[in-house]
Amino acid sequence: MTDVKMSTKYNPQAVEEGRYEKWVDSGVFAPSEDPQAEPYSIVIPPPNVTGKLHLGHAWDTTLQDIIIRQKRMQGFDTLWLPGMDHAGIATQAKVEEKLAEQGISRHDLGRDKFTQKVWEWKDEYAANIKDQWGKIGLSVDYSRERFTLDEGLNEAVKTVFINLYEKGLIYRGEYIINWDPKAQTALSDIEVIHKDVQGAFYHINYPLADGSGSVEIATTRPETMLGDTGIAVNPADERYQHLIGKTAILPLMDREIPIVADDYVDPEFGTGLVKITPAHDPNDFEIGNRHDLARINVMDDDANMNKLAGEYAGLDRFQARKKIVADLKEQGFLVKVDEHTHSVGHSERTGVMVEPRLSTQWFVKMEELSNRALANQKTDDRVNFVPDRFEKTFVNWMEQVHDWVISRQLWWGHQIPAWYHNETGEVYVGMEAPEDEENWTQDPDVLDTWFSSALWPFSTMGWPNTEAPDFKRYFPTNTLVTGYDIIFFWVSRMIFQSLEFTDERPFEHVLIHGLIRAEDGQKMSKSLGNGIDPMDVVEEYGADALRWFLTNGSTPGQDIRFSYEKMDAAWNFINKIWNASRYVLMNLGDFSYQDIDLSAEKTVADKWILHRLNETIKVVTDHTEKFEFSLAGKELYAFIWDDYCNWYIEMTKEVLNDGSPEQILSAKSTLVYALDQILKLLHPFMPFVTEEIYEHIPGVEGSIAIADYPTVQDEFVDEQASAGMSTLIELIQVVRQIRADVNRPMSEAIDMLIRPATEAAETFLTENASFIHRFCHPGELVIDVAVKAPDEAKSAVVTDAELFLPLEGLLNFEEEIDRLEKELQKWQSELDRVSKKLSNEKFVANAPEAIVQEERDKGEHYQQMYDKAEEQLDRMRELAGDTSD
């Protein structure tokens, strides 16, 4: 045996230590610079610089790494561009929390010093994230790393803002927005999470101004009634026709408000009358516009009542509610209170209850942009969603999208490139401040984080310089990988912004994955304490095991559950590969990669494993092209564990010990060639361990990361060897099972009689009897088409042969009859399934002829197996004296 410097047991820490740095230093992750190579690009979904990466990030980036590593090995000019997102609200909130622990607020520091503190935070956490990327093995090109607040992206953001403003697609206006009272900033609709809250309907009497009575109105938010400027009824509601045009007195405020007719009001809901508060409800805002009602905002930025709230000024909104209800009751306006559970918006970032309120903000008009995105999905240049059901999610959102509020009342982010004249109030929008800058004040707000990240696929490539080399070569990108929870936030916006500014889709495919859940199916969260740090998993099992688990846990679009049991299985699989590789390398002697000669005389096992390798390469490549990584993983697992390790390696042991020089050369060549191809197929999934083993193969040069990806070799196709080995394996497995059934260990020889179905089968089995001797340990072995079945024997039907094991005195006829009856039932079930399929006229008419013929062939095979099993059953019944049907 050769002295191979591989540990006797797979040690992921030893294998992975320093490996990533070698890859980065050697430049294997950079594009190929071959002008003839077809480009393939991915931009990383930029993680927020707010903390550590979680398992979801590990899953997302592992899928991208599999794609890009495979494409790199296939000869594409690959670019995987890394970067991070400044994450306005989230990052500012983190830094403010940190300062608060020191008794400091951002206002104490001022804008410039505060943003410097945030940049320091960004540098620290960006370094942590890059360290985590390295531990997972991400093959990104760091020379092109970007940040959503870097100089180039800042230019792109300003260019887009100015362009949309000049086209009339960005405007500044007063509108109802979602307000976060804690962060004191506007939120877009998709930054609001709705939660069920126990509340109440408060029924209140509003007296009519003419003294003719009162109207009853129900509300869930009595604190906003202080801003009521009208009451609305449906014009078709006969109950209230007499009220239209009258006025009512607003309780507690003693203000007259008109009663108007509006189709929006649902006569079936509540009392059929609704109070209108245009400054505190989006629907009321629209009704107010239609009827020219005043807008009275009764809250400050922190959700405390302001001076327009009269005597309630200074109270927070919930304190005000209690006092208002108490006062309504005391003054006789409160009719009743009904308990009521309703859905209430909460800030995704701070968790506080969102306050709809009137505010002056910057908006993007969405109708024109969304229509273009929807129209593009009907062309050949559409974005292909995988799975395709998520296109409906995208389309539904784009069809119902509202104007996008893009201004945020923050200091961390892209400051809006708009200035207001200090005297005239004139608005100037441009790349730089106006020349007489001292007379102008820049808008203090920043842009929504998603405004800049929507430009990510092309701004990172050098746009707005359309002659930038990367933009010309790598845009549009090929594939985006992201979770289904971000389709609204990010995917949709990248699509419409890319179409608007580049006339191209941003990516050809978007692969959507699910969420990683805890083992019990719950969503991982800090509050539940069930989150798992991927770095802890890497520390215990290694990055390759984590990557293998993440890519074999579910189909595209589905959630997966983290499981330590499955992590153990992943580690065991890698350990199996490690031990098999070590065995192969230890038995090479002075044989090297350059000595591989696959034209030498081959055993049927050699021919079979090369044929199976071909099949595996085709299936794995097909599955990965369709992003079906789990199916590719299952195929690799079956081939490596069962075919290569459990069968082929075992079958070569006798050849390596006692074979002819020609046979030994073939066995070593096939062992090393198959191992080389296995490592290359596995490399995108398990980069560390495959590189480590690859380097131990004598004679190989360079990194496996840039080695050629396996392709199907026509000369290895051998259906005859495949069929023959299937029969051999089936026969060996049957003998092992029979031995186990009758408690005959492999060390004890037993006689075997094999009756081949054809002379060709007899020739094959005779020529390969050495395998039968090695794996079945027969005493006497008879292979003959004329074999007669012994009176007492364990029997079995395998493809192209019948097997008899004489076991005089040990055969239990009753058990054997029961087994054969079950076998008959199995074959009958298969026959019924095929018959049902072939009797389906639609299947026969529409399925490819090859598929239909395959079913017919199966039917013939199942019938043969049924007939043989039935023949054996009849013989057993006869021997047992059982003549019943």
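What you are looking at is a predicted structure, and each value in this text was computed from that prediction instead of being measured.

Colleague: Looking at this structure, how should I read the overall build of the protein chain?
Modeller: The helix and strand tally for the protein chain stands at 28 helices and 29 strands. In summary, the protein chain has a C-alpha radius of gyration of 37 Å against a globular reference of 29 Å for 885 residues, an excess of more than 25%. The principal-axis extent of the C-alpha atoms belonging to the protein chain is close to 115 × 70 × 55 Å. Counting every position in the protein chain, which comprises 885 residues, the buried fraction comes to 54%. The long-range fraction of contacts in the protein chain, counting pairs at least 24 apart against all pairs at least 6 apart in sequence, stands at 77%. With the model as given, the accessible surface of the protein chain reaches about 39400 Å², and the carbon-plus-sulfur share is 46%.

Colleague: Help me out: how do you make sense of the domain arrangement of the protein chain in this one?
Modeller: Domain assignment breaks the protein chain into domain 1 (180–356), domain 2 (407–447), domain 3 (543–717), domain 4 (722–806) and domain 5 (813–883). The centre of domain 2, based on its C-alpha atoms, is set 87 Å off from the matching centre of domain 4.

Colleague: What is the right way to read helix H15 (residues 487–502) from this model?
Modeller: Side chains that are three or four residues apart share a direction in an α-helix, a result of its 3.6 residues per turn. Taken across its 16 residues, H15 has 15 buried, putting it largely inside the fold. Asp503, located one to two residues past H15, shows a positive phi value of around 60°.

Colleague: Would you take a moment to explain the UniProt feature "short sequence motif: 'HIGH' region" (unreviewed entry) in the protein chain for this structure?
Modeller: In the numbering used here, UniProt assigns the "short sequence motif: 'HIGH' region" (unreviewed entry) feature to residues 47–57. Between the end C-alpha atoms of residues 47–57 the distance is 8 Å, and the span holds 27% helix and 0% strand.

Colleague: Sorry if this is basic, but what is going on with the sheet that holds strand E10 (residues 247–250) here?
Modeller: Strand order in this open sheet of 4 strands is E10-E11-E9-E12, and the pairing throughout is mixed. Among the strands making up the open sheet, the edge pair consists of E10 and strand E12 (273–276). Between one strand and the next, the sheet's axes are offset by a mean angle of 30°, whatever the strand orientation. Here helix H8 (residues 282–291) sits on the sheet in contact with strand E11 (255–261) and E12, set at roughly 85° to E12.

Colleague: Explanation requested: the sheet that holds strand E13 (residues 334–347) in the structure shown.
Modeller: Strand pairing in a sheet relies on backbone hydrogen bonds. The paired strands run either parallel or antiparallel. What the 3 strands build is an open sheet, ordered E8-E7-E13; its pairing is antiparallel. Because the sheet does not close on itself, it has two edges, and the strands there are strand E8 (214–219) and E13. Adjacent strand axes in the sheet meet at a mean angle of 20°, parallel and antiparallel pairs treated alike. In terms of strand pairing, strand E7 (residues 192–207) meets E13 through 13 bridges, oriented antiparallel. Following the sheet pairing, Val197 is matched in E13 by His342.

Colleague: Whenever I open this one, the side chain of Asp237 confuses me. Can you help?
Modeller: Along the chain, the position of Asp237 falls in the loop between strand E9 (230–233) and E10. Within polar-contact distance, the side chain of Asp237 engages the side chain of Arg239 at 2.8 Å. Aside from chain neighbours lying at most four places away, what touches Asp237 is Pro267 and Gly272.

Rules of the game
Residues numbered from 1 in each chain as written. Predicted model: local features only at pLDDT ≥ 70, side-chain atom pairs only at ≥ 80, totals over all residues. Heavy atoms only, no water. Helix = DSSP H or I, 4+ residues; strand = E, 2+ residues; numbered from the N terminus. Rg over C-alpha atoms; globule rule 2.2 N^0.38 Å. Buried < 20%, exposed > 50% of the residue type's maximum accessible area, 1.4 Å probe, protein only. Contact = heavy atoms within 4.5 Å. Areas by Shrake-Rupley, 256 points an atom, 1.4 Å probe, with all protein chains shown as cover. Domains from an automatic or database assignment. UniProt positions renumbered as here; feature names shortened; annotations may be inferred. Pairing = 2+ DSSP bridges. Axes fitted to C-alpha atoms, helices over the stretch in contact; angles between N-to-C directions. Polar contact = N/O pair within 3.5 Å; in protein donor to acceptor, adjacent residues only side chain to side chain.

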